[in-house]
Amino acid sequence: KQEVTQIPAALSVPEGENLVLNCSFTDSAIYNLQWFRQDPGKGLTSLLLIQSSQREQTSGRLNASLDKSSGRSTLYIAASQPGDSATYLCAVRDLRDDKIIFGKGTRLHILP
Amino acid sequence: DAMVIQNPRYQVTQFGKPVTLSCSQTLNHNVMYWYQQKSSQAPKLLFHYYDKDFNNEADTPDNFQSRRPNTSFCFLDIRSPGLGDAAMYLCATSRVNQPQHFGDGTRLSIL
């Protein structure tokens, strides 16, 4: 059964620093992996989607990488800003049963 | 902007009183999903539609039902809400193997 883990559960970083969020999954048989942002009391906003054949995707200050064989993805945020404070979730679409499995997220706090 | 709209944003109901949450989309996506998310937890998929084909998760309680009368609308019906059903309910849409787009959710409280 596919499991998605995000460590740490919470992270505080001074403004301006670059940071990396981690996501791991137990079964490499995936269609894709997606990173989301969730603000308190809100829905999820899609940030980046990486297809299983891709190694990375970039959007502005965000870069997501995928190493399918090791079951890992990272989300790199450059030059962090207080507005980046949110919970970041990753989700994989499992190839075997076509289900989307979410991690519990990393709660990020950027210190002004 | 094309988007996924959930109504209402906040819903309060009484224990055991049926409640319906709604979701509409202007993206013309063929797949629609309902998730339940409790505090500090991952969203949990309840069911989804590929067009009109309904797919129920094995562990979704019978208390939860869904309707999709057309491409644009999808409803979540909770027949007899219990205290444990208090949560954020998220609707999402996508094309097959494309990014999911989420609404802002409906926060359900049970009195």
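Before any of the text, the structure's been laid out above.
Everything quoted here is computed from the prediction, not taken from an experiment. (Residues numbered from 1 in each chain as written. Chains lettered and ligands numbered in written order. Predicted model: local features only at pLDDT ≥ 70, side-chain atom pairs only at ≥ 80, totals over all residues. Heavy atoms only, no water.)

*Asks:* I'd love a proper account of the interface of chain A and chain B, names of residues and values included.
*Replies:* Chain A puts 20 residues into the contact, and the matching count from chain B is 21 residues. When the two sides are added together, the surface that chain A and chain B hide from each other amounts to roughly 1700 Å², 45% of it contributed by carbon and sulfur. Taken together, chain A and chain B are joined by one salt bridge. One salt bridge connects B:Glu57 with A:Lys99, and the closest N-O pair in it is separated by 2.7 Å. Our count for the contact surface shared by chain A and chain B stands at six residue pairs in polar contact (both at pLDDT 80 or more). Mapped onto the side of chain A that touches chain B, the elements with two or more residues apiece are strand E4 (30-38), strand E5 (44-51), strand E9 (86-94) and strand E10 (100-102) of chain A. Class assignment of the residues belonging to the side of chain A that touches chain B gives a composition of seven nonpolar, eight polar and five charged. (Contact = heavy atoms within 4.5 Å. Buried area = accessible area lost by both parts, 1.4 Å probe. Salt bridge = Lys/Arg side-chain N within 4 Å of Asp/Glu carboxyl O. Polar contact = N/O pair within 3.5 Å; in protein donor to acceptor, adjacent residues only side chain to side chain. Helix = DSSP H or I, 4+ residues; strand = E, 2+ residues; numbered from the N terminus. Nonpolar A, V, L, I, M, F, W, Y, C, P; charged D, E, K, R; others polar.)

*Asks:* Would you mind going over the pattern of salt bridges in detail, with residue names and values included?
*Replies:* All names here are of chain A. Scanning all chains against the criterion turns up six salt bridges over all chains. Note that Arg-96 is salt-bridged to Asp-27, the shortest N-O span being 2.6 Å. Here the residue Arg-96 occupies a position in the loop between E9 and E10, and Asp-27 occupies one in the loop between strand E3 (19-25) and E4, the gap between them amounting to 69 residues. Given a relative accessible area of 62%, Arg-96 falls into the exposed group. (Buried < 20%, exposed > 50% of the residue type's maximum accessible area, 1.4 Å probe, protein only.)

*Asks:* Go over the sheet that holds strand E1 (residues 4-7) of chain B, please, and point to the residues and values.
*Replies:* Residue and element names in this part refer to chain B. Reading across the sheet, the four strands line up as E1-E3-E8-E7 and stay open at both edges, with antiparallel pairing between neighbours. Single-partner strands in this sheet number two, and they are E1 and strand E7 (64-67). On average, each strand axis in the sheet is inclined to that of its neighbour by 20°, with strand direction left out of account. Sheet topology places strand E3 (residues 19-25) next to strand E8 (residues 73-78); six bridges connect them, and they run antiparallel. The residue of E8 that forms the bridge with Ser-24 is Phe-73. (Pairing = 2+ DSSP bridges. Axes fitted to C-alpha atoms, helices over the stretch in contact; angles between N-to-C directions.)

Purely geometric numbers; function is a separate question.
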